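A closer look at the structure
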There are 2 protein chains.
Amino acid sequence: MTCPIDQAAVIGGGVIGGGWVARFLLSGVNVALHDPNSDARRTVEAMLDNARRAHQRLVDTPPVTEGVLTFHDSVEEAVAGASYIQENVPERLEIKHDVIAKIEAGAAADALIGSSTSGFKPSELQAKMQHPERLVVAHPFNPVYLVPLVEVVGSDVNTAATTERVSQILAGLSMHPLVVRREIEAHIADRLLEAVWREGLWLIHDDIATTQEIDDAIRYGFGLRWAQMGLFETYRIAGGEAGMKHFIEQFGPALAWPWTKLMDVPEMTDELAQKIADQSDAQSGQYSIRELERIRDDNLVGILQALKSRRWGAGETLARWEEEHCPSQGNPSDDIDPAQPLALYQTRVKDDWIDYNGHMTEHRYLQVFGDSTDAFLAYIGMDKAYLESGHSVYTVESHLRHTAEVGVGAVIFVTTRVLGCDAKRVRILHEMTDEDGQVLATAEHMLLHVNTNTSRACPFLPQLAERLAALAPGQSNLEAPAYAGAGIRMIGWANKEVV
Amino acid sequence: MTCPIDQAAVIGGGVIGGGWVARFLLSGVNVALHDPNSDARRTVEAMLDNARRAHQRLVDTPPVTEGVLTFHDSVEEAVAGASYIQENVPERLEIKHDVIAKIEAGAAADALIGSSTSGFKPSELQAKMQHPERLVVAHPFNPVYLVPLVEVVGSDVNTAATTERVSQILAGLSMHPLVVRREIEAHIADRLLEAVWREGLWLIHDDIATTQEIDDAIRYGFGLRWAQMGLFETYRIAGGEAGMKHFIEQFGPALAWPWTKLMDVPEMTDELAQKIADQSDAQSGQYSIRELERIRDDNLVGILQALKSRRWGAGETLARWEEEHCPSQGNPSDDIDPAQPLALYQTRVKDDWIDYNGHMTEHRYLQVFGDSTDAFLAYIGMDKAYLESGHSVYTVESHLRHTAEVGVGAVIFVTTRVLGCDAKRVRILHEMTDEDGQVLATAEHMLLHVNTNTSRACPFLPQLAERLAALAPGQSNLEAPAYAGAGIRMIGWANKEVV
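Quick look at the structure, then. On a predicted model such as this, the values are computed, not experimentally measured, just so you know.

Details of the pattern of salt bridges
All names here are of chain A. According to the stated counting rule, one finds 44 salt bridges over all chains in the structure shown. The partner of E316 in a salt bridge is R320, with the nearest N and O atoms 3.1 Å apart. Residue E316 and its partner R320 are located together in helix α13 (residues 314-325), separated by four residues, close to a single helical turn. Take R320: its relative accessible area is 37%, and that puts it in the partly exposed class.

Printed below as a string of C-alpha cells:
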C-alpha cells in the first residue's frame, strides 16, 4: 500500500523517533522533526544512514524517492503542515500531556496523532485533550525502520474510522498494524516481553543463568520459531492432529507447577543492575553499539528476505509493499517502442550479490539477465495460463560478456533485442547498463520453446508466435553488434613459455 | 563436529523422540528405537520424511550417509549396543523412573543417558538409579531435527566430564548444547516460555487479544529480533552508548507498574480451553497440521540459511557443522590427476534453486560453475594472501550450454579442463554431470588476471603461473570438444514466415 499522506511530523528524535523519521522518509513521505536536544540532528542522521543501508539491502524494487527531512524549533511549527503526527517523548505522563497540548495547538484540524508510548493507555494520554478522538497509540518496535509491527490502540472516544485511517497510513510504511481491541497498560507485546524480562531477572538474580545463556536459550531455540509463527500456532503443531484443546488440556497442568518466581518481582538493587551490566559486557562487549546495530540489521534483513520468498508473516508484509510500489515490473506498459531495444527490466544491486572482489558476483548477472528474459517472455505474451497449458521456454545456450564492474546499491537497466527467431526458437540479446548508460555486461541467449509434459521442443503457440512476428519489422532493422554469435576467443597453449 | 558415536538408542518415538531419531540418522548415527505404541513406526517414518525434506533444503554439503533405524520390542534390547541413550517418555515421574531402571538394566556400563524432560530436574530423575552419574537432562526443542538448542543439565552427582561428553555428542548432531549451571525446574527456556504462556492466557481470558493477535504481536515484532539476538543483547543496543546499566536503571521502574496479572495464574477452565481452541481454529484451521509443519520447517530453513550466510547464532552452528563435514571442499586433495579433467567440485541442488518449470534455474548453473571456478583457482594456488596482495582473477566471458534438466536434491559434479592460457588469461571448460555421469551443462570461461587496486589486467604472479605451466603437459593433450570456442548459432529472421 502506498502511503496515503505526503507530510508527517515527528516529535522527539531519539531511538524510536529517529526510527520513525527513517521509516517515513524511505517510504517517500516528508518529515518535519522537532526535538529540543541539540544533538538530535546528528543522532537522527546517523540512524538514517543505518536505515538507508538496511533498506537498500532489503527492498528489491527500484528506490522510492526519499522524503525531505526538515528540522523545527517548536512543536507547533513542526506539526503545522502535517497530516499525521507521531509523538515520541519520554514516558512521563506530564511531559506527554504538555507535548500533546502543543501538538493540538499547532496541528491542522483533521491531522491524526499517534503516540509511541509503550506503557500508557490512550485514554490516559487523551485526558486533557480538546479533541481526544484524534489521538491513538501507535506503538512500534526497535529498530522501527525494519521491524514491521505497530500496535494501534484506541480508547472509547476513538472511532473505528480513526484506527482504520491510522492503520492505512502505517501500512503505507510497510508496517503491520495490529489493532488492539481493548486498551490495557503496555498493550500486548510489551506485556509478553515484560513477563520474559521478569523471569530473566530472576534467573540472573539466582545465578541460574547469565545474560548470554538466557539470550542463547532464546536465539538458538524458540526465537527461531517466533520469527515466523507465534506461541499458539507453534503449539498447535506440537499438539498434532488431536487438536489445540487436547494440547492445552495436556499442557495446562504446567501452570500448577511450583515455578513460583513469576509470582514475585525481584528488587532492582544496584548490585543486580551491576551484575546484569557486567554479564552483558562479557557477552557483547567486543562489539560497539554501532557494530551490534549493523549485525542486528543485517540479520533482520536476511530473515525478512527469507520469509518474503515464502510470503509468510513479516515477509508477506514486505512482498505486498514491494508489489504495490512496483506495479509495472513484469507487466510492461504499452509505450515500449518495438523498433528499439526493449526496455523491459530494471533492478538494484543487492548487498548479498557482492563477491570477495567487492563487485556483483558472476551468477547474479545471469540472475538479472534471467529475470530480463522472463520480462521479455511476459512481454511477448507468455502468461500463467500459457505455462499451465504445458508450454514454456527454456534457455539452451548463453553467452555472457562482462565489460565493467558494478557495486552494491547501483540501479541497473536491461534492454532486450530480438536477433532472430524460427518456429521453435528465439535468439535474444540483453544489454545491461548503469544509470550513466555505461554498458556493464551483455548476454546472448538461445531460447527454445518446449512442451513441458514431454520436455521436447515444439512450435510456439499462436499467442507467442504472433507477438514475435509483429516484432520482426522493427527488431530486424536493428544492426546486430559484432560480438553477437561470436564464440570465446581461442587461446591455446602456444605461448605457454610466457607463463 | 562429527558425532563421536555410531549407535544411539531412543526410547519413546513421539514428536520429540521422533525428532531425535531424525537428528541422529541424518548425522550418520544408527538408532535403535523402542516405543510401545503400535503406531510408532508410522509416525516416526512420517516425521523422518519431513526431516529429510528439510535437511535436503538446509544443508549445503554433500549428504552424509544416513544412519540405520531399527525397531525393538523392549527398552533393554534397544539400549543394548548404544553409546548414548535418549529418553522421551511422558512427563510423569513414575514412568520416567520405571523406564530409566530398564535403561540401566540393559545398557553398557559406559553408555550415557540424556532425558528430554522439560520440567523435571536431573536429580529427580536420578533418585532411584544405581549409577545416577550417567544421566543428565538433554532437553531439545520442537522440531528437534531443525532447532539447534538443547539444554544440558546435570545435578551434583554429575561430573563436568559427563556434561562435556554429552555436549560433544549433541554438537555432532549440529545442535547447540547450552550447559545449564544449576538445576532448576523447567531449566531456562521453558521458564521464559511459561512466563509468556501465562501472560498470553490472561490476555485471552480478559478478551484483550486472540491467539492470532498474540501470535502476530510476536512474529511481526520481537520474534524477528529473537531469532538472532536474545533479550539482553537486543536491549543493550536500545540502551545505546550509555550502556546496559543505564538502560536497566531506566527500564527498571517498569517492574513496579501495575501489570499485576503476572502475579496470578488464570484457572484453566473448560471454557478458557475451548475459547483458545476456537481462536486457534479461526487462526490456523485453514491449514492441516502437516501443512503447518512444512510451512514452519521451510521458514526455519530460510531463517537458518539467512543466519548462516552471516555466520551468526544458529547459522554459525550450521556453518561450523558443514565445514567439519566437508573438509575437502575448496581444499582439493593431492590425488587429482593433472592429465585428466580436474574433479574439483560437487554440490547438491537446493530447494530454492528451482524455477517455475520445476528445474534448476538458469543462474544457479552459473553459481555452481562460478564456485567450480573458485575451486579451480584455489587448486592453482590463489589463496587469501594472493587476494590480499591486490591480485585476483575475473571472469570476462562465459558460454553456457544446457543439455539436460536436473531437479531438487540431485548431487551434481563438475570437472574442469584448462583449454589454454597466456600471461594474463586462462581459458577453462567446466562440465557438470549428475550421479549417472549424464552431462547436464557445460561452461566455457575466459578468466583474466587483474590488479584489483587498478582494476587493470596484469600477468599472473609466479605462484599461479607456475601451477598453470605445470598443468600444460597433461591438459593440452586432452582433445577439446567441438563446442569449445563456438558461438551461439545464428538464426536470423529468414524464416519468419514460419512464425
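Now, onward.
A closer look at the packing of helix α7 (residues 189-205) of chain B against helix α11 (residues 270-284) of chain B
Residue and element names in this part refer to chain B. Following both chains from N to C, one finds α7 and α11 inclined at 90 degrees, their axes separated by 10 Å at the closest point. By the angle class used here, α7 and α11 are roughly perpendicular. When α7 is examined against α11, the residues L201, I204 and H205 are found in contact with a partner set consisting of L272, K275, I276 and Q279. Across the contact of α7 with α11, the residue classes tally to four nonpolar, two polar and one charged.

A look at the state of the cysteines
Residues and elements named next belong to chain A. Following the criterion strictly, the structure yields zero disulfides over all chains and no others. Summary of cysteine pairing: C421 is not part of a disulfide, and the nearest cysteine sulfur, belonging to C458, is at 15 Å. Assessed through its relative accessible area of 0%, C421 is described here as buried.

Concerning the sheet that holds strand β3 (residues 69-72) of chain A
All names here are of chain A. Read across the sheet, eight strands follow the order β3-β2-β1-β4-β5-β6-β7-β8 without closing on themselves; strand pairing throughout is mixed. Edge positions in the sheet fall to β3 and β8 (176-180), since each of these pairs with one other strand and no more. The average angle at which neighbouring strand axes cross in this sheet is 25 degrees, direction not considered. Strand direction decides the pairing type here: strand β5 (residues 112-115) and strand β6 (residues 135-140), joined by three bridges, are parallel. Within β6, the position partnered with G114 by the bridge is V136.

So, the packing of aromatic side chains
This structure, assessed with the given rule, holds 15 aromatic pairs over all chains. Ring geometry for A:F24 and A:Y84: centres 6.1 Å apart, planes at 50 degrees, overall tilted. Of this pair, A:F24 sits in helix α1 (residues 15-26) while A:Y84 sits in strand β4 (residues 84-87), and the two are 60 residues apart along the sequence. The exposure classification of A:F24 matches that of A:Y84, with both residues buried. For the pair A:F222 and B:W226, a centre-to-centre distance of 6.3 Å together with 75 degrees between the ring planes defines the contact as edge-to-face. Here the residue A:F222 occupies a position in helix α8 (residues 211-226), and B:W226 occupies one in helix α8 (residues 211-226), the pair thus bridging two chains. Taking the relative accessible area as the measure of exposure, B:W226 reaches 1% and is therefore buried. Members of the aromatic cluster, each reached through a chain of ring pairs, are A:F222, A:W226, B:F222 and B:W226. In this arrangement the basic side chain of A:R41 is found over the ring face of A:F71, its NZ or CZ atom lying 3.9 Å from the centre.

Observations concerning α1(A)
Residue and element names in this part refer to chain A. The end-to-end C-alpha distance of α1, which contains 12 residues, comes to 17 Å, matching closely the 16 Å that a straight helix rising 1.5 Å per residue would cover. In terms of burial, α1 is a largely internal element, 10 of the 12 residues being buried. Taken together, the buried positions of α1 are occupied by G17, G18, G19, W20, V21, A22, R23, F24, L25 and L26. Just past α1, the residue G28 takes up positive phi, approximately 90 degrees.

Thoughts on the relation of the copies chain B and chain A
Screw-axis analysis of chain B against chain A gives a translation of 0.0 Å along the axis, an RMSD of 0.1 Å, and a rotation angle of 180 degrees. In the structure described here, the two chain copies are related by an operation that fits a two-fold rotation axis. Ranked by how close their C-alpha atoms come to the rotation axis, the residues of chain B are headed by B:G487, at 1.8 Å. Both copies present the same face, since 100% of the interface residues in chain B are matched by interface residues at the equivalent positions in chain A.

Cut-offs applied
- Residues numbered from 1 in each chain as written.
- Chains lettered and ligands numbered in written order.
- Predicted model: local features only at pLDDT ≥ 70, side-chain atom pairs only at ≥ 80, totals over all residues.
- Heavy atoms only, no water.
- Salt bridge = Lys/Arg side-chain N within 4 Å of Asp/Glu carboxyl O.
- Helix = DSSP H or I, 4+ residues; strand = E, 2+ residues; numbered from the N terminus.
- Buried < 20%, exposed > 50% of the residue type's maximum accessible area, 1.4 Å probe, protein only.
- Axes fitted to C-alpha atoms, helices over the stretch in contact; angles between N-to-C directions.
- Parallel < 35°, antiparallel > 145°, perpendicular 65-115°, else oblique.
- Contact = heavy atoms within 4.5 Å.
- Nonpolar A, V, L, I, M, F, W, Y, C, P; charged D, E, K, R; others polar.
- Disulfide = S-S within 2.5 Å.
- Pairing = 2+ DSSP bridges.
- Phe/Tyr/Trp six-rings, centres within 6.5 Å; stacked < 30°, edge-to-face > 60°.
- Lys NZ or Arg CZ within 6 Å of the ring centre and 35° of its normal.
- Expected span 1.5 Å × (residues − 1).
- Least-squares fit on C-alpha atoms with pLDDT ≥ 70 in both.

Note that every value here comes from positions in space, so none of it alone points to a role or purpose.
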